[in-house]
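Tertiary structure, described
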Amino acid sequence: MKKGFSVCAESLLALMLVAVGSGCLGTKVKFEDIPLEKADMTRGRTIESSATGFQLLCLIPISINDRLSEAYWRLKRSAGSDYLTDIQISESWAWAYIGTIHKTRLIAQAYPQKPGEGVNHEVASGSSRSLTEKLNELKTLHDNHMLSDQEYEAARAKAVEQYK
Amino acid sequence: MTVIVPKPPDHAQVVAKDVQGTASGALCIGYPPLSLIPIGLNERMEKAYSDALSKAPGATALKSVTVEEDWYWIVVGTLRYVTITGDAVK
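About the cut-offs
- Residues numbered from 1 in each chain as written.
- Chains lettered and ligands numbered in written order.
- Predicted model: local features only at pLDDT ≥ 70, side-chain atom pairs only at ≥ 80, totals over all residues.
- Heavy atoms only, no water.
- Helix = DSSP H or I, 4+ residues; strand = E, 2+ residues; numbered from the N terminus.
- Buried < 20%, exposed > 50% of the residue type's maximum accessible area, 1.4 Å probe, protein only.
- Contact = heavy atoms within 4.5 Å.
- Salt bridge = Lys/Arg side-chain N within 4 Å of Asp/Glu carboxyl O.
- Polar contact = N/O pair within 3.5 Å; in protein donor to acceptor, adjacent residues only side chain to side chain.
- Nonpolar A, V, L, I, M, F, W, Y, C, P; charged D, E, K, R; others polar.
- Phe/Tyr/Trp six-rings, centres within 6.5 Å; stacked < 30°, edge-to-face > 60°.
- Expected span 1.5 Å × (residues − 1).
- Arc of directions from axis to C-beta.

**Things to note about unusual backbone geometry**
If you check the backbone angles, Asp86(A) has positive phi at about 55 degrees while not being a glycine. Examined against the element boundaries, Asp86(A) turns out to sit in strand 5 (residues 83–95). Look at Asp86(A) and you get partly exposed, because its relative accessible area is 24%. Of note in the backbone geometry, Asp18(B) takes a positive phi value of approximately 50 degrees without being a glycine. Inspection of the secondary structure assignment puts Asp18(B) in strand 2 (residues 14–29).

**Examining the interface of chain A and chain B**
Listed per partner, the contact involves 39 residues of chain A and 32 residues of chain B. At the surface where chain A touches chain B, the tally comes to two salt bridges. The partner of Arg44(B) in a salt bridge is Glu91(A), and the shortest N-O contact between them spans 3.3 Å. For the interface between chain A and chain B, the tally reads 16 residue pairs in polar contact (both at pLDDT 80 or more). Among the elements of the structure, helix 1 (2–21), strand 1 (23–24), strand 2 (29–30), helix 2 (67–79), strand 5 and strand 6 (99–111) of chain A are those that each provide at least two residues to the side of chain A that touches chain B. A per-element tally of the side of chain A that touches chain B places strand 5 of chain A first, with nine residues. Each residue belonging to the side of chain A that touches chain B can be placed in one class, and the counts come to 21 nonpolar, eleven polar and seven charged.

**Focus on the packing of aromatic side chains**
Residues and elements named next belong to chain A. Taken as a whole, this structure holds two aromatic pairs over all chains when the rule is applied. With 4.7 Å between their ring centres and 45 degrees between their planes, Trp-95 and Tyr-97 make a pair best called tilted. Residue classification places Tyr-97 among the exposed positions, given a relative accessible area of 68%.

**Section: helix 2 of chain A**
Residue and element names in this part refer to chain A. Across its 13 residues, helix 2 extends 18 Å between first and last C-alpha, which sits within 8% of the 18 Å expected from 1.5 Å per residue. Along helix 2, the residues classified as buried are Arg-67, Leu-68, Ala-71, Tyr-72, Leu-75 and Ala-79. Angular distribution of buried residues about the axis of helix 2 spans 135 degrees; they occupy a single face of the element. Within two residues after helix 2, Gly-80 carries a phi angle of roughly 65 degrees, on the positive side.

What follows is the structure, given as structure tokens:
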């Protein structure tokens, strides 16, 4: 009986040690700089986006790790072809009985292109750049360890597919 | 709200490239068990940004900003670790 309890306690302790060392890496988000020479800084508008994740039992992440990239993607979608700057972030959390809710909120100023500069197709469609430029950008991100091998291959395949 | 990508100053001059700031905060299970205690959690973004700027004397802002948040389970709660990287400009 005593031996059984000891084995059980040891297993529990081992499990806890493994759990303590484990964690989750969030998605790295790179915010684009505004090209001041192209943006019409006299006509800004405020836009906002948010993304929420849930951490079940304070341990199991559900949409937790990519909520910042999700919020940024939504912000860029709201901006359309405009350029973003003055990006502010706020993080809030709330207890929800079986876990915690985490919310990331972004607020930014969106500035349109100066007249005569054409439409910011890069942001608007994401597909007007040449394939070589896109692949070079992905390679740079990969070389700088901002994309894992798996993410790089997936993004590369997607880009090639888009340009077919 | 914490500004993480400020409007860059006109004629911004890069003071230091790839400066990195970090900050962490914990969300601990309190007593009674159905309560949570934030420790340094709510101001972690601001602290990480300030930490990055402090590594480049004279800098007023960051550009080409990258933000990452990792988290770890620490038995009594979770620890959230924020890393902000960017080029310091003035």
